[in-house]
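# Summary of the model geometry
In case you want the letters, here they are:
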Amino acid sequence: KMNLHQTSSIGAPSAQAGNRAPCFQPRRRHTRNPPSFSKHSIANSCVQGILPTATYAVVQGSPSRRPTVAAEASNSPQTSPATTGTLRSSFDDDEEFDVIVVGGGHAGCEAALASARMGCKTLLLTLNLDRIAWQPCNPAIGGPAKSQLVHEVDALGGEMGKMADRCYLQKRILNRSKGPAVWALRAQTDKVEYAQVMRRVLEATPNLSLREAMAVGLEIGPNDEVRGVRTYFGMTFRCRAAVLTTGTFMNGVIWVGRQSMPAGRAGEAPSVGLTEELVKLGFETDRLKTGTPARVDSRTVDFTGLEAQPGDPDLRWFSFDTSVHVERPQMTCYLTHTTADTHKLIRDNLMETPIYGGWVDSKGPRYCPSIEDKIVRFAEKSSHQVFLEPEGRNTPELYVQGFSTGLPERLQLGLLHTLPGLERCKMLRPAYAVEYDYMPAHQCYNTLETKRFSGLYFSGQLNGTTGYEEAAAQGLLAGVNAALRAQEKEPISFGRETSYLGTLIDDLVTKDLREPYRMLTSRSEYRLLLRSDNADQRLTPLGRDIGLVDESRWAAFQAKQARINAEQERLSQLRVPEGSPVALQAEALGNQKVARSVTLEELLRRPHIHYRVLDDNGLGATDMSFLEKEAVEIQIKYAGFIARQQRQLEQVASKSSRKLPEDLDYMSIGTLSMEAREKLAKVQPRNIGQASHIGGVNPADISALLVYLEVQRRRGEAASQPSKQATPAATASAAQ
């Protein structure tokens, strides 16, 4: 099948090339259902009773593969241009890569690092090398559900958690009054330092090259496989896999009131041409909107009447790598609020905003609304919180969180002056909204590889998400699978029950989302199992297997798990008598008498008894950090709830993991509702679990689908045994 952008004469080995394998020979297409995965036996090391191990897939017994470009470059002898054949005469070695990542945001950085660390020669293309890993909105990492994603990225060997720990201005735990399943670490970061440090990390990574360029098209081979990326100035970089992480830049337009200009974000040009090329290749596209508030000069703010929001004294970390745990002075944030004057000014000028004025109809993020949306949707509220947060240690800029607006710039300063403490503030940057193209993610498999072309991956805001953390998590998965594609290995994927990352990906590829997607703890039905404290237990063994966790990190992980397991065993054995100091303290804290000799494990199960009680009485472990002690306490205190959710998970997993045939014709299954047939045919789920999460597919449809599959299975078995006479009873049973 010829494609609009099909290349010619690519991959034909020349006679002079000797025994060297051609770089771009046609390769077999991966099936939708990755075959022959082994169960990843995490339970053997640390997580017995936490998660089923069948959901972590690693290739077993893979045959020898053709080396990657990076490996070829190091192993092959140097050849002169005259003897390298057609391919070498047209393209230099520096322009051939295993993986190309388009976009230098948070998704792009994680994708490029993952690919390079797995041994693939990787190129990162970005519009502006000085804006790598930039934080154009709030310079903060973490928060509810987002912090779990950051912990998981770190556990797998990603970089975002380390970056937040290196560059934080302030850290706080949110939802501390609730259970540990929804505790959320949030860090305010120095946006300039964050970008500079991330660039240094990228530049120091072997196998990774950076280049400033605008991608405008793809080279597609005769087997619908990606073979290269074309740039605006006419360069073509060859590759075996490509990851697109374009953020808000594809045909981006920023709006301030009625005024607009082409831009991916303030001060930066948009990416043009790539959307049109993707549409020509058959992809569906749509528009989304997001926004960012004004920045004000902290030297012009009166903080005396504002509520201070200091960082937490008991410092916590995103990364499980203790080498980046370096304490820094924390900066204070402040809380103010809207007033009646604020609300009046907004109501009087609603028609001056892009959304209410009607000249922009793209959907914005539901869970991060503009201040005018808050005033309209929550008209009964007389005030809304507004946070003033520093953007760096060496800049006076303050981020006015919760105050994004689409009002014209001429009204924005007056609006800021209605806030207590900001009556005389100076505005450094106006608020603006940005509208951009995205590709609905139902066009991807749960590996983030597109369904139309092998070796092409979509990631980050291009998939319709909002937030740095969601982007980084997708980038890591896409980068890993792009590297595995280049190495001709099977991809990895994550189920909802394994991680917040798995929940995120499952939601994206099974739901037809038409508004920016934000990760929430309520989106995970297994959040008691998917806590921040056990992210390394769940995912670090997998990160080790795919090559992202090095020897020192692995040794530290094993030592930590050994300490935790030993401490749990000690607490289950050590008993204290009635009337002992620790028993009396437990009675006073919990208003419940200790009437007999009890183990320390039994004391920790009590609601108001924490590990520090053991430390106060000289009964705590001396070789463990407070975070490790906390992990032990959580495992003990919630053991019953964890076991119950584990049983529920195992019951669901038995049906959810059933594979669906790749060529299943849903439109021919008359027992499904018409809506279910249309949605299933559009999404093409890989298994029953994915099918059950698709909007418009109800439990009755899933039951009908299971019956249909069973009938087809029995008919297939009967057809494969023609010599065996089918009895009337067997025929009737199959029909049922």
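Not measured: the values here are computed from a predicted model.

### Regarding the overall build of the chain
Each helix and strand in the chain was counted, giving 24 helices and 25 strands. Looking at the chain residue by residue over its 736 residues, the buried ones come to 56%. Sequence-distant contacts in the chain: of pairs separated by 6 or more residues, those separated by 24 or more amount to 73%. Put simply, the chain shows about 30900 Å² of open surface, and 52% of that area lies on carbon and sulfur atoms.

### With respect to the sheet that holds strand 3 (residues 99–102)
Here we have five strands laid out as an open sheet, ordered 8-4-3-12-23, and parallel in their pairing. Each edge of the open sheet is held by one strand with a lone partner, namely strand 8 (208–212) and strand 23 (456–458). Direction aside, neighbouring strands of the sheet carry axes that sit 20° apart on average. Strand direction decides the pairing type here: strand 4 (residues 122–126) and strand 8, joined by five bridges, are parallel. Residue pairing across strands places leucine 125 opposite arginine 211, the latter belonging to strand 8. Against the sheet, helix 3 (residues 106–117) contacts strand 3, strand 4, strand 8 and strand 12 (241–244), and its axis sits at roughly 165° relative to strand 4.

### Comments concerning the nonpolar core
Residues Ile100, Leu278, Leu456, Phe458 and Val480 are the most contacted members of the largest nonpolar core, which totals 102 residues. Among the elements that line this core, the one with the most residues is helix 12 (residues 468–486), at eleven residues. Formed by 21 residues, the second largest nonpolar core is a distinct cluster that contains Ile346, Ile375, Leu388 and Phe403.

### Observations concerning the environment of leucine 350
With respect to the secondary-structure elements, leucine 350 resides in the loop between helix 8 (340–348) and helix 9 (354–357). Remark: the alpha-carbon pair of leucine 350 and leucine 407, spanning 57 residues in sequence, is separated by 7.8 Å. Apart from residues no more than four positions distant in its own chain, leucine 350 is found in contact with Tyr356, Gly357, Glu372 and Val376.

### What to know about the packing of aromatic side chains
For the coordinates displayed, the defined rule picks out eight aromatic pairs. Ring centres of tyrosine 232 and phenylalanine 233 lie 5.2 Å apart, and the angle between their planes is 90°; on these two criteria the pair is classed as edge-to-face. Overall, phenylalanine 233 belongs to the exposed group, its relative accessible area being 76%. Between phenylalanine 283 and phenylalanine 453, the ring centres sit 5.9 Å apart and the planes meet at 55°, which makes this aromatic pair tilted. A residue pair is termed long-range when its members are at least 10 positions apart, and phenylalanine 283 in the loop between helix 7 (274–280) and strand 15 (286–292) and phenylalanine 453 in the loop between strand 22 (432–438) and strand 23 qualify at 170 residues. Within the aromatic cluster, the residues linked to one another by ring pairs are Phe283, Phe453 and Phe458. Cation over ring: lysine 121 sits above phenylalanine 97, and NZ or CZ is 5.0 Å from the ring centre. It is arginine 131 that lies over the ring of tryptophan 134; its NZ or CZ is 4.1 Å from the centre.

### Structural notes on the confidence of the model for the chain
Looking at the chain, pLDDT values average 85 and 85% of them are 70 or higher. Note on residues 74–91: pLDDT is under 50 here. Beyond four places in sequence and across chains, it has 19 contacts.

Rules of the game
- Residues numbered from 1 in each chain as written.
- Predicted model: local features only at pLDDT ≥ 70, side-chain atom pairs only at ≥ 80, totals over all residues.
- Heavy atoms only, no water.
- Helix = DSSP H or I, 4+ residues; strand = E, 2+ residues; numbered from the N terminus.
- Buried < 20%, exposed > 50% of the residue type's maximum accessible area, 1.4 Å probe, protein only.
- Contact = heavy atoms within 4.5 Å.
- Areas by Shrake-Rupley, 256 points an atom, 1.4 Å probe, with all protein chains shown as cover.
- Pairing = 2+ DSSP bridges.
- Axes fitted to C-alpha atoms, helices over the stretch in contact; angles between N-to-C directions.
- Core = buried A, V, L, I, M, F, W, Y, C linked by side-chain atoms within 4.5 Å.
- Phe/Tyr/Trp six-rings, centres within 6.5 Å; stacked < 30°, edge-to-face > 60°.
- Lys NZ or Arg CZ within 6 Å of the ring centre and 35° of its normal.
- pLDDT = per-residue confidence, 0-100.

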